[in-house]
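Here is what each chain is made of, one letter per residue.
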Amino acid sequence: MGIYKNGGFQSGDFQSRKFEPGECAVSDLIIRGGYVVDPSQDLEGTMDVEIRAGRVRRIAPRIEPRGRPTLNARGRIVTPGLVDLHCHFFEGVSHYGVNLEASMLARGVTAAVDTGSAGSQTFSTFRSGFLDPARMTTRAFLNISAGGLLIDGLGENVDMRALRVEDAVECYGRNRDILLGMKVRLSRNVVERSGGRPLDAALDASKALRVPLMVHVGDTPDSLPKILKKLRPGDVLTHAFHGRAEGILDRRGRVRRAVWEARDRGILLDVAHGRASFSFDTLEAAMAQGLMPGNLSTDLHTHCIDGPVYDFPNLMSKFLALGFSLGQVVRLSTQTAAAWLGMEGEIGTLRPGARGDVAVLRMREGRFRFTDSEGAHRRGGRMLEAVCVVLGGEALRPSGKNRRRLRRVS
Ligand SMILES: [Zn+2]
């Protein structure tokens with residue numbers, strides 16, 4: 001047992017234990033006999049995974065336990081801990097905030113990125129209360145609107161007085177170690193009559209800070225090509241496959257030229273399913289023309305956790321139903337976000353030296369009906385569920401009525 005900084009967990013039942021911000025214990029563990037899927041190494045097969053002092057040591061067909069703790073994963077799928085690039089966990093403050101451990105860690109997510117729940121005036125509380133104490137990896141985008149996503153039914157950008165570029169730049173400067181970029185939402189109900197100005201304010205802050213911008217689209221008053229033209233390589237178009245006005249398809253269902261250009265310039269097309277932001281029809285039309293999502297993310301929040309999103313493994317199951325291979329789905333759920341985060345080799349992989357963060361999933365077979373944000377359905381034969389999550393070598397199992405609590409596997 002040791003302690004390392006900025007890691008993920010402390011042993012024991014998370015609800016009854018106190019832990020120091022940014023500190024976590026590390027453990028040894030051998031995960032035995034699971035079907036390992038790690039696209040970062042082009043690895044798929046039944047293997048053992050050895051974690052030593054919180055880090056992956058090796059993967060091999062058979063590793064002798066020699067008295068060390070083991071986790072039986074026979075009949076299970078073993079992947080790197082899932083990385084969710086778009087979710088909301090400023091719980092109890094933002095109306096979107098869900099519980100980080102119950103809704104994400106217990107569902108196999110070991111690295112979670114909050115996308116703009118807090119702005120310059122609320123970020124210090126978000127950081128001290130949620131980001132720093134988390135035992136999993138957490139990062140955030142800073143909302144250009146000073147309060148962040150506070151009030152249900154009142155868009156944070158309806159009044160330009162709430163968008164304070166100088167305050168955002170100053171706040172960002174103090175929290176660079178945990179922030180990934182700026183965030184702005186541009187849907188009609190969020191911006192109302194403020195036109196293109198929220199995007200320009202967010203771009204001003206991003207450019208001053210030289211950091212990426214995540215832009216939320218879907219039913220925007222501005223045309224998508226006009227928005228994309230302003231984005232730079234490394235920026236993120238989130239909710240890229242929505243089914244609302246100003247989407248990636250033209251009226252005849254063809255991928256718009258500006259979208260191909262944006263992808264080629266290195267703008268990430270992030271899924272971010274959410275309540276209103278993912279359409280099977282849009283994704284299928286795009287895929288038929290060769291346009292693939294750049295990354296899978298849930299946009300998990302209070303308004304979609306009881307459907308249509310539920311959790312990350314459910315989202316992965318939808319993509320299996322859409323014809324993606326298991327390897328493709330795992331890659332888009334681990335490696336792609338880790339790469340975007342600049343944390344390749346550290347998370348989203350089971351390469352030797354990576355954090356010992358692992359998702360252990362069950363694949364149920366049957367007949368399942370999946371629903372998108374438009375109320376459309378697709379049928380699929382496979383459903384993934386998290387049965388266990390490993391953080392820094394410690395195995396935790398979801399428990400309780402809704403399987404949203406975690407208990408240590410002894
Ligand atoms: Zn969101």
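My aim in this report is to walk through the structure given alongside it, one point at a time. (Residues numbered from 1 in each chain as written. Predicted model: local features only at pLDDT ≥ 70, side-chain atom pairs only at ≥ 80, totals over all residues. Heavy atoms only, no water.)

To continue, consider the side chain of T220. Relative to the elements of secondary structure, T220 occurs in the loop between strand 12 (213-216) and helix 6 (224-230). A polar contact is formed between the side chain of T220 and the backbone oxygen of D222, at a distance of 2.6 Å. Those residues within four positions of T220 in sequence are excluded, and the remaining contacts are L186, S187, R188, I227, A245 and E246. (Helix = DSSP H or I, 4+ residues; strand = E, 2+ residues; numbered from the N terminus. Polar contact = N/O pair within 3.5 Å; in protein donor to acceptor, adjacent residues only side chain to side chain. Contact = heavy atoms within 4.5 Å.)

The subject of this paragraph is the nonpolar core. With 89 residues, the main nonpolar core has M104, F123, M182, F241 and F319 as its most contacted residues. In terms of residue count, helix 5 (residues 197-209) provides more of this core than any other element does, six residues in total. Once residues within four sequence positions are removed from consideration, F123 is found in contact with A118, L131, A140, L142, C171, N175, I178 and L179. Counting residues in each nonpolar core, the second largest holds 18 residues, with I51, A73, A354 and V387 among its members. (Core = buried A, V, L, I, M, F, W, Y, C linked by side-chain atoms within 4.5 Å. Buried < 20%, exposed > 50% of the residue type's maximum accessible area, 1.4 Å probe, protein only.)

The coordination sphere of the zinc ion contains the protein donors H86 (NE2), H88 (NE2) and D299 (OD), at a distance range of 2.1 to 2.3 Å. In the primary structure, the donors to the zinc ion are separated according to the pattern H-x1-H-x210-D. Of this pair, H88 sits in the loop between strand 8 (82-87) and helix 1 (100-103) while D299 sits in the loop between helix 8 (280-288) and helix 9 (312-321), and the two are 211 residues apart along the sequence. Judged by its relative accessible area of 6%, D299 is buried. (Donors = N, O, S within 2.8 Å, 3.2 Å for Na, K, Ca; no water.)

We now examine the pattern of salt bridges. Pairing between side chains of opposite charge can happen when their charged atoms approach one another. Taken as a whole and judged by the stated rule, the model has 27 salt bridges. In this structure, R57 and E50 form a salt bridge, with 3.8 Å as the shortest nitrogen-oxygen distance. The exposure class of R57 is partly exposed, given its relative accessible area of 44%. With relative accessibility at 1%, the residue E50 sits in the buried group. Among the ionic pairs, E346 bridges to R355, the shortest N-O distance being 2.8 Å. Using a relative accessible area of 23% as the deciding quantity, one classes E346 as partly exposed. Classification of R355 as buried rests on a relative accessible area of 8%. Each of E50, R52, R57, R58 and R68 takes part in one network of salt bridges that share partners. (Salt bridge = Lys/Arg side-chain N within 4 Å of Asp/Glu carboxyl O.)

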